[in-house]
Each structure stands twice: as C-alpha cells, then as structure tokens.
Amino acid sequence: MTRTALITGASAGLGVEFANQLAASGNDLILVARRKDKLEDVAKSLRAKHGVAVTTASADLSNPRAPQELFEFTRSANLTVDYLINNAGSAGPHLLEEKAWAPQAKFLELMMLSVAHMCHHFIPPMRERGFGRVVNTSSFAGRLPRPDAGSHYGPSKAYVIALTEELDLTLRGTGVHASALCPGFTHTDFHETADLGEMKAALPNFVWYSAESVVRDGLRAVEKGQPIMISGRLYRWLDPLAQSLILRPLIKSFAPGRNKR
Ligand SMILES: NC(=O)c1ccc[n+]([C@@H]2O[C@H](COP(=O)([O-])OP(=O)(O)OC[C@H]3O[C@@H](n4cnc5c(N)ncnc54)[C@H](OP(=O)(O)O)[C@@H]3O)[C@@H](O)[C@H]2O)c1
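All figures in this text were calculated on a predicted structure; none of them were measured in a lab. (Residues numbered from 1 in each chain as written. Predicted model: local features only at pLDDT ≥ 70, side-chain atom pairs only at ≥ 80, totals over all residues. Heavy atoms only, no water.)

*Asks:* An account of the site of the ligand is needed here, citing residue identities and associated values.
*Replies:* Lining the immediate surroundings of the ligand are 30 residues, of which S11, R34, R35, Y153 and T188 lie closest. G9 places a polar main-chain atom, nitrogen or oxygen, 3.0 Å from an oxygen atom of the ligand. Taking F190, its main chain carries an N or O atom lying 3.4 Å from an oxygen atom of the ligand. If the ligand stood free it would expose 880 Å²; the protein chains cover 95% of that surface. Counting only elements with at least two residues in the shell around the ligand, the list comes to α1 (13-24), α5 (153-171) and α6 (190-193). (Near = heavy atom within 4 Å. Polar contact = N/O pair within 3.5 Å; in protein donor to acceptor, adjacent residues only side chain to side chain. Areas by Shrake-Rupley, 256 points an atom, 1.4 Å probe, with all protein chains shown as cover. Helix = DSSP H or I, 4+ residues; strand = E, 2+ residues; numbered from the N terminus.)

The following block contains the structure:
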C-alpha cells in the first residue's frame, strides 16, 4: 500500500533528507516550503530516483492561515496524509535585541503555532483511519536553556517536545505515533541561513552529525512509537545530565556570562 508523507521545510537540509528516505521506502510525497523553485528541483530528482509521486506546495508557515490552506489543498487534491513531518524552522530573531515585535510573532508562529495547527488538522483523519506517523522536528536546544542564544529558539523547541509528548499519550492505541526529533548540531543550510557560518566553523567536528543519520533516527523512533528521540550519541549522553535536577544547575553554571548577575 502506498502511503503519502507531507514534509514541511522540504526545500533544504533535514526536510530534503526526510523526503529522500521516505521516498526510498516507496512513499509518495507532498513537499512544503516557501521557495517553490527549490521544491520543484527536489521533486524532480526524487521522482527520477525513486519513481514516487511528488506534489509541491509553496507556503509560508509564519502566516497563521497556512496550515488550514495546506489542509484544504490536500483535501481538494484528494491526497491522504499518512506521515506528517513538521520540520520547517529557522534560527529566528533575538528576543531582546530585535526591536520590532512583528518578526518575533512570525517566528513563534512558524516554530510553535504552525506545528500545533498542522497537528490539529492532519491528525484526526489519521486517527479515524487507524494509521499515522508524526515527526515534529525539535532540537537538543529545547532540552537545556542556553545563554546568549536569543531566548526564543530553545524555548520554542521545548514547546514542540511538550506538545509531542502529550500527543503521544493521547494517541496511544490509535495506530498514530508522534515523535519529537531532537538533533544537536547538524550539517544543513541552517547556520549559513542564520549568518552563523563563523560559529559553525569554530565548533569541533565531533559535535556535528549528518542530516542522513538524524533523519534515520527520527523515522526509526516514530515507527517504534518513541515520543522523544535525542539524535546522536554525544547528545544522548549529554541529555540525562541536562535533565537531572542535580546536574542541570551545574551544567548551566559553566555557561558564559554566569557571573554577570
Ligand atoms: N541544523 C541544525 O543544526 C539543527 C539542529 C536542531 C534542530 N534543527 C531543526 O531542524 C529543522 C530543519 O532545519 P534545517 O537544519 O534542515 O535547516 P535548513 O537547511 O535551513 O532548512 C530549513 C527549512 O525550513 C524552511 N522554512 C524556513 N522558514 C519557513 C517558513 N516561514 N515557512 C515555510 N518553510 C520555512 C526552509 O525553506 P524555505 O526557505 O524555502 O521556506 C527550509 O526548507 C528546523 O526546525 C530546525 O530548527 C536544526
């Protein structure tokens, strides 16, 4: 039986890799992002490589109407969504340094509300059919507060983890699985797009993982019904320390700026 995966943020990075791995398993695809030309390039190459049907839909998920419009688009095109990969995201503005509120609100819409909004539309039909797989791309940044990181990104990813854990509990026994994928530093366009190329170059190789391994972890986790997947051995090792009530304050105390208070 051919299933269909809707992937947001499918014009670059992890989204392209989700598309590639899901197409390699024989799934048809609906690719979503803002850049239509990039989506078409990905679609063309995956049709040729895997022989699957690929539909593209250009949408800006920082627009509050986008999830509903995407849902209506799939309905009108008779497309049934079996895999929902809420993956689109960006580094976003600094909560305190960016003076205007509008970019902050758009960022929160993209990172949190659009994820909940997509789940709101696409999960109930999955539950009715008794099958669905939902991967919400979060981040290891959602597991631990960081200083001087914009005060927005990590908290938005923490929301995605909380949302997904609760969905996982709500959906048990329905045939629908939900997993929050928490990658650490991953080789994609993310850091260049956010003008963080210098920071990227300064970090040691061992903290970086490939998009291929991160996506493999995410798809394996959702099949198994694992609500949170910390991707990468380094981050799986760090996570229990970050979550420990005793060790968390210790880890935070190593953060730069700790003596400024
Ligand atoms: N790379 C990392 O180190 C890392 C680590 C942890 C978590 N993550 C998370 O992984 C996810 C994927 O990021 P990536 O690393 O693959 O980065 P990327 O290569 O920059 O890809 C980001 C994707 O999101 C899409 N996107 C951005 N803003 C959008 C908007 N307003 N509406 C619709 N689509 C939008 C982009 O497409 P368009 O520009 O065409 O719209 C692109 O397809 C993100 O949620 C990110 O937070 C990344």
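Alright, that's what it looks like, and here's the rest.
*Asks:* Can you explain the pattern of salt bridges? Please cite residues and give values.
*Replies:* For the structure on display, the rule yields ten salt bridges. Between K200 and E192 there is a salt bridge, and its shortest N-O distance comes to 4.0 Å. One salt-bridge network, in which partners are shared between bridges, spans D217, R220 and R236. (Salt bridge = Lys/Arg side-chain N within 4 Å of Asp/Glu carboxyl O.)

*Asks:* How would you summarise helix α8 (residues 211-224) if you had to cite specific residues and measurements?
*Replies:* Over its 14 residues, α8 runs 20 Å from end to end, which matches the ideal 20 Å to within 8%, given 1.5 Å per residue. With its phi angle positive at about 80°, G225 sits one or two positions after the end of α8. (Expected span 1.5 Å × (residues − 1).)

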